[in-house]
Amino acid sequence: MSQPEILNQAFELGYTYTRSTGPVVGRFLTGLKNRKLVGIKASDGRVIVPPMEYDPDTAEELSEFVDVGEQGEIVTFAWVKEPREAHPMNEPFAWAMIKLDGADVPMIHCVAAKSESDVTTGARVRAVWADETIGFMTDIRCFELV
Amino acid sequence: MKEIAIVGYQQSDSRSDAGAVNEVEMIMPVLERTFAQVGINNAQDVDFVCSGSCDYMQGAAFAFVAGVDALGAVPPIKESHVEMDAAWALYESMLKIRMGHADSALIYGFGKSSPGELPIVLSQQLDPYYLAPLWVDTISLAAMQARMMLDQGLITERDMAEVVSRSRRNAMNNPHAQLSGDMSADDVLAQETYVSPLRKGDCCPVSDGASAVVIATVEKAKEWGVPYALISGISHAIETHNMGMRDITDSVSTRIAAERAGMKAGKVDVAQLYAPFSHQEIILTRALGLGDETSINPSGGVLAGNLMMASGLSNIGEVFNRIISGEAERGIAHATSGPCLQHNLVTVLEKAEKA
């Protein structure tokens, strides 16, 4: 009995589309590429970094961008003794909510530090840029204590 | 409006690793026990079925469809699914009954969390541009929340340890619990920190398992002739995904949901609160204004076993159990979703006038 012909079709798993990040998220990510941090004014005037497209309380579309500093203050933090494989750092580090100078709403990122006792709520930190910035959140490699 | 009652609840053991047992094999024994409790044969005997699970945990799109194999869906059944804790599947089922499209419903939730790295898997539920690329895990987010509360003097580490101690001791009476034992607050405080300021004990374990509930109109419950408890209210509310814009030391959405569900209309004898981290139980207790007259998490809660996508449903079942046993007359069950208590559902259950 002859073998049936086996049908073959090459298949590559992947997303066959590109997606625009839009005028708000895109503006922030483009800023990162240029090593600049930008926030947006909420309905009540608070500056949100990274910027949001809509105000979470009023649902108003937001559009007033505000430049903010690359330094800020730790609002709260978690100390990671044993980084996970997916984490952005290989050595013990802190996750922190950081209120950047000129911002009212803290953002979440990682903070490089030698030990837990070096990190405190209220400590000043500064963004450390990646060697090559590509318009992605990880363009900020981490924050470091000032 | 038709009154709706719970007539059955079963849960599997909460296991740290179910091994080769797959999702369908986890669900089936739970469903069989639920059908036996209600006195029905199978899913054909209810008008609607709704499940809760998360494809990210199985790592495949539409993985939840395989769960339907546990039902034997031939001849065809009316079926739906939520990519959420099955407590929200119960909410959908309530709507189905309220709209007059069904008189009874089977709800089940399942999760096999052990094969993946759950805190990292859950990082992918966060903002896709600003947070998911950082892989910030759920334990670290909760640790930041706990430190904020400690810094502001809202709680102490001992308060947190006491929550853990009570959970482990209560869980000694829960045959399905994963973590139980006579552990004191001092024992918890003696643990070194894990993701500081949290200790391992402050964090729910990773668990595999499933649970199921049957609800029905009171007429149908009477026809079946089984004990039942009334669902007198259910509501849910969500806060912004931007954690920096929320007061994470409080749970505004839980309070709103409880108000809408009518919690304050009577005494709360028992409250099952979905607090994956010890300090979150304190946030919830305060947000709900619960006092000494309320027994909190008598099952041990999720610190004793956290069935992702099922424990919120189990909380409803645990309150049901205590009402039909006569231990409580009225209680609330809470379910949560998202990081640091972002989205919350509150169900109010009451003893039936005359069963």
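Residues numbered from 1 in each chain as written. Chains lettered and ligands numbered in written order. Predicted model: local features only at pLDDT ≥ 70, side-chain atom pairs only at ≥ 80, totals over all residues. Heavy atoms only, no water.

**Points about the overall build of chain B**
Applied cut-off: Runs of H or I in DSSP of at least four residues are treated as helices and runs of E of at least two as strands, each being numbered from the N terminus. Computation of the radius of gyration draws on C-alpha atoms alone. For the globule rule, the value is 2.2 Å times the number of residues to the power 0.38. Burial status follows relative accessibility: with a 1.4 Å probe on protein chains alone, a residue under 20% of its type maximum counts as buried, one over 50% as exposed, and anything between as partly exposed. Note on areas: these come from Shrake-Rupley sampling with a 1.4 Å probe, and a residue is covered only by the protein chains present in the view. In this tally Asp and Glu are treated as negative and Lys and Arg as positive; neither His nor the chain ends contributes. A charge is said to be at NZ when it belongs to Lys, at CZ for Arg, at CG for Asp and at CD for Glu.
Looking only at helices and strands, chain B features twelve helices and eleven strands. In terms of overall dimensions, chain B is globule-like: its C-alpha atoms have a radius of gyration of 19 Å, near the 20 Å expected for 355 residues. Taking the principal axes of the C-alpha coordinates as reference, chain B spans close to 55 × 45 × 40 Å. Residue burial in chain B is summarised as follows: out of 355 residues, 63% are buried. A total of about 13100 Å² of accessible surface is found on chain B, and carbon and sulfur atoms cover 50% of it. For chain B, the separation between the mean place of its 26 positive charges and that of its 43 negative charges on side chains is 5 Å.

**So, the nonpolar core**
Rules: The term nonpolar core refers to a set of buried residues drawn from Ala, Val, Leu, Ile, Met, Phe, Trp, Tyr and Cys, joined through side-chain atoms within 4.5 Å. The contact rule is simple, with two residues in contact once any of their heavy atoms fall within 4.5 Å.
Judged by nonpolar contacts, the single largest core of 88 residues is most densely connected at F28(A), W95(A), L100(A), I108(A), L198(B), L290(B) and I332(B). Residue contacts for I332(B): discarding those within four places in its chain leaves M263(B), V268(B), V270(B), A271(B), Q272(B), L273(B), L288(B), L290(B), V319(B), V346(B), T347(B) and V348(B).

**Things to note about the interface of chain B and chain A**
Using the following cut-off: Defined here as a combined quantity, buried area equals the accessible surface (1.4 Å probe) lost by two parts on assembly, summed across both. When a carboxyl oxygen of Asp or Glu lies within 4 Å of a side-chain nitrogen of Lys or Arg, that pair is called a salt bridge. As used in this structure description, the phrase polar contact means that two N or O atoms lie within 3.5 Å; if the pair is within protein, one of them must be able to donate a hydrogen and the other to accept it, and residues adjacent in sequence are counted only when both atoms belong to side chains. Residue type decides the class: Asp, Glu, Lys and Arg count as charged, Ala, Val, Leu, Ile, Met, Phe, Trp, Tyr, Cys and Pro as nonpolar, and the leftover types, Gly among them, as polar.
Tallying the contact residues gives 32 residues for chain B and 33 residues for chain A. Taking both sides of the interface into account, the surface hidden between chain B and chain A amounts to around 2900 Å²; carbon and sulfur atoms contribute 65%. For the pair chain B and chain A, the interface holds three salt bridges. Among the salt bridges present, the one from K81(A) reaches E192(B), with a minimum N-O distance of 3.0 Å. Counting every contact that joins chain B to chain A gives 14 residue pairs in polar contact (both at pLDDT 80 or more). Secondary structure elements with two or more residues in the side of chain B that touches chain A: α5 (118-121), α6 (138-151) and β5 (195-196) of chain B. Of all the elements, α6(B) adds the most residues to the side of chain B that touches chain A, at eight residues. Its residues assigned to classes, the side of chain B that touches chain A shows 20 nonpolar, seven polar and five charged.

**So, helix α12 (residues 311-324) of chain B**
All names here are of chain B. Note the following rule: By this rule, a helix spans an expected 1.5 Å times one less than how many residues it contains.
Over its 14 residues, α12 extends 20 Å from the first C-alpha to the last, a length consistent with the 20 Å expected when each residue adds 1.5 Å. Burial within α12 is extensive, with twelve of its 14 residues counted as buried. G326, located one to two residues past α12, shows a positive phi value of around 90°.

**Quick look at the sheet that holds strand β3 (residues 65-68) of chain A**
All names here are of chain A. Heads up, the rule is: In short, DSSP must find at least two bridges between two strands for them to pair.
The strand order across the open sheet formed by three strands is β2-β1-β3, and the pairing between neighbours is antiparallel. If you trace the sheet from one side to the other, it starts and ends with β2 (47-48) and β3, each paired once. Sheet analysis places strand β1 (residues 37-41) next to β3, joined by four bridges and oriented antiparallel. Counted as the bridge partner of V38 is D67 from β3.

Any functional reading would require information that these geometric values do not contain.
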